[in-house]
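# Structural features, examined
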Amino acid sequence: MLKTGVTGGIGSGKTTVCKIFELLGVPVYYADQRAKELMQEDKHLAEAIRQLMGPEAYVEGKLNRQFIAEKVFNNKPLLAKLNALVHPVVTRDVKQWMEHLEQVPYAIEESAILFESGSHRILDTIIVVYAPQAERIRRVQARDQLTYEQVIARMRNQMPDEEKVKMADFVIYNDMRHSLIKQVLAIHHILLSMSREEFKGSAPSPTEG
Ligand code: ATP
């Protein structure tokens, strides 16, 4: 099975794109959402987070997201330490999830920090969703009721999209000028044929053995 990643900056439209892939029957692993679950469910990880952030990191066994967000905001070294705990656990989890999928030509990991977390190393192809900055700001402001400055502050913490595009195998333009559905369908067909080629490559030929 082919392993594909979908990434892009905040508000670029990763989730929207992945919902279209899901409609085509492609399984999608949402890394950000799963990371939050693992921070809660994985006992070793939860203990390591408690050690790093203090006992207030959990309230009655529940992850105290607001406390953690406030502590790491403007504290890059602490954020790096937290990421060093969480990212390997998520990468291991997505690997296991993909290994247990059966009879699918390809599956997707969706993550805003695919490159930053090192997850891209376990993937065969990467799709970057690209949208103009002004459009992303407008969408995130509307979705999350944030101020312009709050969105910009979040963007500054991410790798610039231009860097991501350089490392992509496919780029999807979510700029209101290109059709998202047409672009997703075109990539879907390429990935299906890549997966068929890979299957042929791994199956023994009729003359072998
Ligand atoms: P984040 O990194 O913050 O999770 P994201 O990259 O997953 O963001 P989405 O949640 O898919 O982005 O999109 C951001 C917002 O913009 C959502 O409210 C979504 O419905 C809207 N949106 C995305 N693409 C389009 C589009 N082509 N047309 C209209 N609305 C869109």
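All values derive from a computational prediction rather than experimental measurement.

This structure, assessed with the given rule, holds three aromatic pairs. On the basis of an interplanar angle of 65° and a centroid distance of 6.0 Å, the ring pair of Y130 and Y173 is categorised as edge-to-face. Of this pair, Y130 sits in strand β6 (residues 125–130) while Y173 sits in strand β7 (residues 170–173), and the two are 43 residues apart along the sequence. Under the relative-accessibility criterion, Y130 is labelled partly exposed at 24%.

The next subject is the nonpolar core. Among the nonpolar cores identified, the biggest contains 30 residues, and M39, I49, M53, I68 and V86 are the most heavily contacted of them. For this core, the secondary structure elements donating two or more residues are α2 (31–41), α3 (43–53), α4 (65–72), α5 (76–99) and β6. The element contributing the most residues to this core is α5, with seven residues. Apart from the residues lying within four places of it in its own chain, the contact partners of I68 are M39, I49, M53, A57, L63 and L82. By size, the runner-up hydrophobic cluster in this structure holds 20 residues, among which are F21, Y30, V129 and I172.

Let's shift gears to the packing of α4 against α5. One can describe the packing of α4 onto α5 by two numbers: an axis separation of 8 Å at closest approach and a directional angle of 130°. Put simply, α4 runs oblique to α5. For the pair formed by α4 and α5, the contact residues are I68, K71 and V72 on the first element and K76, L78, L79 and L82 on the second. Each residue belonging to the contact of α4 with α5 can be placed in one class, and the counts come to five nonpolar, no polar and two charged.

With that settled, the discussion passes to the pairing of strand β5 (residues 106–110). The buried fraction of β5 is high, at five of five residues. The side-chain alternation of β5 yields two buried faces, one formed by Y106, I108 and E110 and the other by A107 and E109. Two elements, strand β1 (residues 2–7) and β5, share five bridges in a ladder whose sense is parallel. Its bridge partner lying in β5, K3 is registered against A107. Sheet topology places strand β2 (residues 28–30) next to β5; three bridges connect them, and they run parallel. Each bridged residue has a counterpart across the sheet, and for Y29 the counterpart in β5 is E109.

Basis of the calculations
- Residues numbered from 1 in each chain as written.
- Predicted model: local features only at pLDDT ≥ 70, side-chain atom pairs only at ≥ 80, totals over all residues.
- Heavy atoms only, no water.
- Phe/Tyr/Trp six-rings, centres within 6.5 Å; stacked < 30°, edge-to-face > 60°.
- Helix = DSSP H or I, 4+ residues; strand = E, 2+ residues; numbered from the N terminus.
- Buried < 20%, exposed > 50% of the residue type's maximum accessible area, 1.4 Å probe, protein only.
- Core = buried A, V, L, I, M, F, W, Y, C linked by side-chain atoms within 4.5 Å.
- Contact = heavy atoms within 4.5 Å.
- Axes fitted to C-alpha atoms, helices over the stretch in contact; angles between N-to-C directions.
- Parallel < 35°, antiparallel > 145°, perpendicular 65-115°, else oblique.
- Nonpolar A, V, L, I, M, F, W, Y, C, P; charged D, E, K, R; others polar.
- Pairing = 2+ DSSP bridges.

Purely geometric stuff here, so don't read any function into it on its own.
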